[in-house]
Amino acid sequence: MAKATWFILVELLLLQCASYFCISQGYDFFYFVQMWPGSYCDTKRGCCYPSPGKPATNFTIHGLWPHFKNNTVPSNCNEKSHYDGTKILDLFSRMQQSWATLACPRNNGTRFWSHEWEKHGTCSESVLDQHSYFEAALNIKDKVNLLQILEDAGIRPDDKFYKVEDIKEAIKAGTGYNAAIECNSDPSRNAQLYQVYLCVDASGKDLIECPIIPRRKCNPSVQFPIF
Ligand SMILES: *[C@@H]1O[C@H](CO)[C@@H](O)[C@H](O)[C@H]1NC(C)=O
Ligand SMILES: *[C@@H]1O[C@H](CO)[C@@H](O)[C@H](O)[C@H]1NC(C)=O
Ligand SMILES: *[C@@H]1O[C@H](CO)[C@@H](O)[C@H](O)[C@H]1NC(C)=O
């Protein structure tokens, strides 16, 4: 009798453990990555405007990427969890505005968003379901009006060159946090401002100082292309 009770207790504890304590979260924080469409397009590869037409002259979201503090990247964490556009119908117009695809051939974004969900989003699914995941990224973008922050510092998409240090300083002043900058090259090999990395806490709500600063290549001075 005592033995049976003991087993039941242990079993209950194990169940508790499974549901509350022992599930590893699968990530520590997010990289929130925005890209400048003018730099994506001004490459040898080029770009295609999505089916709704040319996106606004604005930064667009590349992704919200779970990351570990030991600098490993979880990816494709749940092969059974597929992107389902019907779960985010209410976010669709914001997605088209703020998370536009520029990949060729011209398409409606479904391919890009399902890639982002399946590779990255599934790794934070224990905290953010599909709707919360996409919404979290959209909300952060709205909170951080990156283009405005840069323009307020006199840094404009006018094909001129700007110092990366000045760009970082402007973002720090505008957001309170350090950003990392990634560049790419136009067909004549000029470095241009391509992506901006900020870090977000595991809840997907607030910017944080990056636990690991991503190392991305860039030149001291970069072009900010017209779009
Ligand atoms: C990084 O941390 C995660 C979570 O703690 C762990 O699963 C993974 O094996 C670690 N990777 C390395 C290379 O240490
Ligand atoms: C997007 O395009 C794909 C492939 O052409 C199509 O199957 C899907 O229904 C489209 N989705 C929307 C929301 O228009
Ligand atoms: C650019 O995006 C930000 C953040 O989503 C938004 O607040 C702003 O109105 C947009 N600016 C333009 C010119 O579209």
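Residues numbered from 1 in each chain as written. Chains lettered and ligands numbered in written order. Predicted model: local features only at pLDDT ≥ 70, side-chain atom pairs only at ≥ 80, totals over all residues. Heavy atoms only, no water.

A.B. asks: So, the site of ligand 2: which residues are in play, and what are the values?
C.D. replies: Around ligand 2 lies a shell formed by Phe92, Asn108 and Thr110. At a separation of 2.4 Å, an oxygen atom of ligand 2 approaches a polar side-chain atom of Asn108. Out of a free accessible area of 360 Å², ligand 2 has 25% covered by protein chains. (Near = heavy atom within 4 Å. Polar contact = N/O pair within 3.5 Å; in protein donor to acceptor, adjacent residues only side chain to side chain. Areas by Shrake-Rupley, 256 points an atom, 1.4 Å probe, with all protein chains shown as cover.)

A.B. asks: So what about the site of ligand 3? Which residues, and what values?
C.D. replies: Every residue lining ligand 3 is accounted for by Asn58, Lys141, Asp142 and Asn145. Asn58 is positioned with one of its side-chain polar atoms (N or O) 2.4 Å from an oxygen atom of ligand 3. Look at ligand 3: alone it shows 360 Å² of surface, and the protein chains cover 56% of it. Here the residues of the shell around ligand 3 sort into no nonpolar, two polar and two charged. (Nonpolar A, V, L, I, M, F, W, Y, C, P; charged D, E, K, R; others polar.)

A.B. asks: Provide a residue-level description of the confidence of the model for the chain, including the pertinent values.
C.D. replies: Summing up the model confidence of the chain, the mean pLDDT is 91 and the portion of residues at 70 or higher is 89%. Every residue in residues 5-10 scores below 50 in pLDDT, and together they form zero contacts with partners more than four places removed in sequence or on other chains. (pLDDT = per-residue confidence, 0-100. Contact = heavy atoms within 4.5 Å.)

A.B. asks: Could you give an account of the pairing of strand S5 (residues 191-201), with specific residues and numbers?
C.D. replies: Here is the key point about a regular strand: its side chains alternate between the two faces of the sheet. With 11 of its 11 residues buried, S5 lies for the most part within the structure. As paired strands, strand S1 (residues 29-35) and S5 are joined by seven bridges and run antiparallel to one another. Its bridge partner being in S5, Phe32 is matched across the sheet by Leu198. Both strand S4 (residues 180-185) and S5 contribute to a ladder of six bridges, which runs antiparallel. By the bridge assignment for S5, Glu182 is matched with Gln195. Between S4 and S5, which follow one another and run antiparallel, lie five residues, and Arg189 among them has a positive phi close to 70°. (Buried < 20%, exposed > 50% of the residue type's maximum accessible area, 1.4 Å probe, protein only. Helix = DSSP H or I, 4+ residues; strand = E, 2+ residues; numbered from the N terminus. Pairing = 2+ DSSP bridges.)

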